[in-house]
Amino acid sequence: FKTTFKEENCSLPLNFLNMTSLKLYTSLLLLISIPSAFGSTGEAVPPNPTTSFHSAFEPPRDSVPKFLSDLSQLALLEKDHPILQYTESNRDNSYTKNWKVQDWERHQVRSFFRYRRHLGTWFNSTTANAVWPTVISLTCWALLIQLLAYKFESLNSFLKQPAIAKGAASFGAPISLLLALRTNRSLNRLLEARSMFGKYIRASGSLMNLIATHVSPIDKERAILLGRYLSIYGWCTKGFFRKEADGTLIQTMLPPNEAEWIRRQSTSHNLDAPSCIHIRVRSLLAPILSEIPLSAGNAMEDRLSTLESSLGVNKRLLGSPIPPTYTRHTSRVLCLYLGLIPFSLVGSNDGPVSATFLLSILLVVGATAYVLVGIDEIGVEIENPFPLIPMQALSKVIQNGIANQVRLMDDMPAP
């Protein structure tokens, strides 16, 4: 094209030439922008956090109503995806559910009514069902010792030696100490893991509040994308600690290129989804920190660091159990003690052997085994806290908290 025109000498109208130039210019822009949307391998990559999410020629690709609509789709996925299902116990009062005022009222009734309820549900107790096989085995062992002592007089005479009874009784104090120390340590692990999930809730909600206040007025679509990541943080954490698939959840809430990025990090680099969320949230916040107050940027980094440190604590609890040597030694000493009790009880009889005496020994051995083995079983059960924490309810709290913050982006009164 010539740089100057004389309208009377042109074979084409000037307006037509200007329109043609505009079309060619637009085509060149499109050709330049298309390669940047793909990586070197042709795969889609997450949007560059240093650039805007959409150009002036494109409508916004995300909005608050769309975010809330995608969030509502999660309820439709509960039936087919265990990560979203309510798996906590509805039986009696259980630590595996998020307690409400009604649960506390039921739990703190008078002792008579509390004992009556607990005795009435004894046969449904998970602890009782776990220890019954051991209790029955030890009771059968006690019965065998009684029958042998009744049949062989030499064995009966041996069991009447005072050292037998005193030796069995000497195990009581060490066994009690071992069980107490182990159970207390397991309980501390459970409480520590639960407190970390409380930090997830507080830190994610506070971070989203800062994003809605400071980031949304500058780049609303970026703020909504950050909300999408934070809304699934609890679910992805639950999936990591319980080995539940979170792929469908991520695909529902995140744009396709973002979901593909997380999938690629998981498969190629063995990076878990919660850690991917930490990295991506920080990368989305970094380019905009220069446009918001310094105090707000520092607060966001502090909340994100809280999420990272809390996840690190729970990973430590998952990867570092109470030393198995301690557990093995406790089990062996406990079996030795419970196995010697029948010898001590049989030898304590100075009169003739009767059915009543035999029955009393079985009851004492069974009751002692139930108490001690039950304490040991509880310690082993709560040592791994993650199946017991009400993760479904806590993840729902995080999701709803983030949803409320995002919803308020479009529902704030004018100053």
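The rules we used
- The residue numbering used here restarts from 1 in each chain and proceeds along that chain's sequence as written.
- This being a predicted model, a pLDDT of at least 70 is required before a residue's local features are given, and a value of 80 or more before pairs of side-chain atoms are given or counted; all residues contribute to the totals for chains, interfaces and linings.
- Hydrogens and waters are ignored; side-chain quantities use all the structure's heavy atoms.
- Definition used in this section: a nonpolar core is a set of buried Ala, Val, Leu, Ile, Met, Phe, Trp, Tyr and Cys residues joined via side-chain atoms within 4.5 Å.
- Categorising residues by exposure relies on relative accessible area from a 1.4 Å probe, with only protein chains included: less than 20% of the type maximum marks a residue as buried, more than 50% marks it as exposed, and the intermediate range marks it as partly exposed.
- In this description a helix means any DSSP run of H or I spanning at least four residues, a strand means any run of E spanning at least two, and both kinds are numbered starting from the N terminus.
- Contacts are assigned to residue pairs that have any heavy atoms within 4.5 Å of one another.
- Each pair of aromatic rings taken from Phe, Tyr and Trp, with Trp reduced to its six-membered ring, is defined by centres within 6.5 Å and is described as stacked if the planes are under 30 degrees apart, edge-to-face if over 60, and tilted in the remaining cases.
- Criterion for a charge above a ring: Lys NZ or Arg CZ within 6 Å of the ring centre, and within 35 degrees of the ring normal.

> Explanation requested: the nonpolar core in the structure shown.
Within the largest apolar cluster, 64 residues are counted, with the highest numbers of intra-cluster contacts made by Ile-211, Tyr-229 and Val-281. At 12 residues, helix α8 (residues 172-215) tops the list of elements feeding residues into this core. Once residues lying within four places of it in the same chain are set aside, the contact partners of Ile-211 are Ser-216, Ala-223, Leu-226, Leu-230, Leu-285 and Met-300. Counting residues in each nonpolar core, the second largest holds 22 residues, with Ile-175, Val-346, Phe-357 and Leu-372 among its members.

> Can you help me understand the packing of aromatic side chains in this one?
The way to describe two aromatic rings as a pair is by their centre distance and the angle between their planes. Considering all chains together, one arrives at 9 aromatic pairs under this definition. Here the aromatic rings of Trp-132 and Tyr-370 are separated by 5.6 Å at their centres, their planes lie at 35°, and the arrangement is tilted. Here Tyr-370 lies in helix α16 (residues 355-383) and Trp-132 lies in helix α5 (residues 126-151), a separation of 238 residues in the sequence. Plain terms: the ring middles of Phe-241 and Phe-386 are 4.4 Å apart, the flat faces sit at 10° to each other, and that makes the pair stacked. Of the two residues, Phe-241 sits in helix α10 (residues 233-242) while Phe-386 sits in the loop between α16 and α17 (391-407), which places them 145 residues apart along the sequence. With a relative accessible area of 1%, Phe-386 lands in the buried category. Three or more aromatic residues link up through ring pairs in this structure, and these residues are Trp-122, Trp-132 and Tyr-370. The ring of Phe-240 carries the charged tip of Lys-315 above its face, separated from the ring centre by 5.4 Å.

> Can you walk me through the environment of Met-409 in this structure?
In this fold, Met-409 is placed in the segment after α17. Note on Met-409: relative accessible area 14%, which makes it buried. Along the backbone, Met-409 and Val-64 are 345 residues apart, and their C-alpha atoms lie at a distance of 7.6 Å. Discounting chain neighbours no more than four positions away, the residues touching Met-409 are Val-64, Met-208, Ala-212, Ser-216, Lys-220, Ala-223 and Ile-224.

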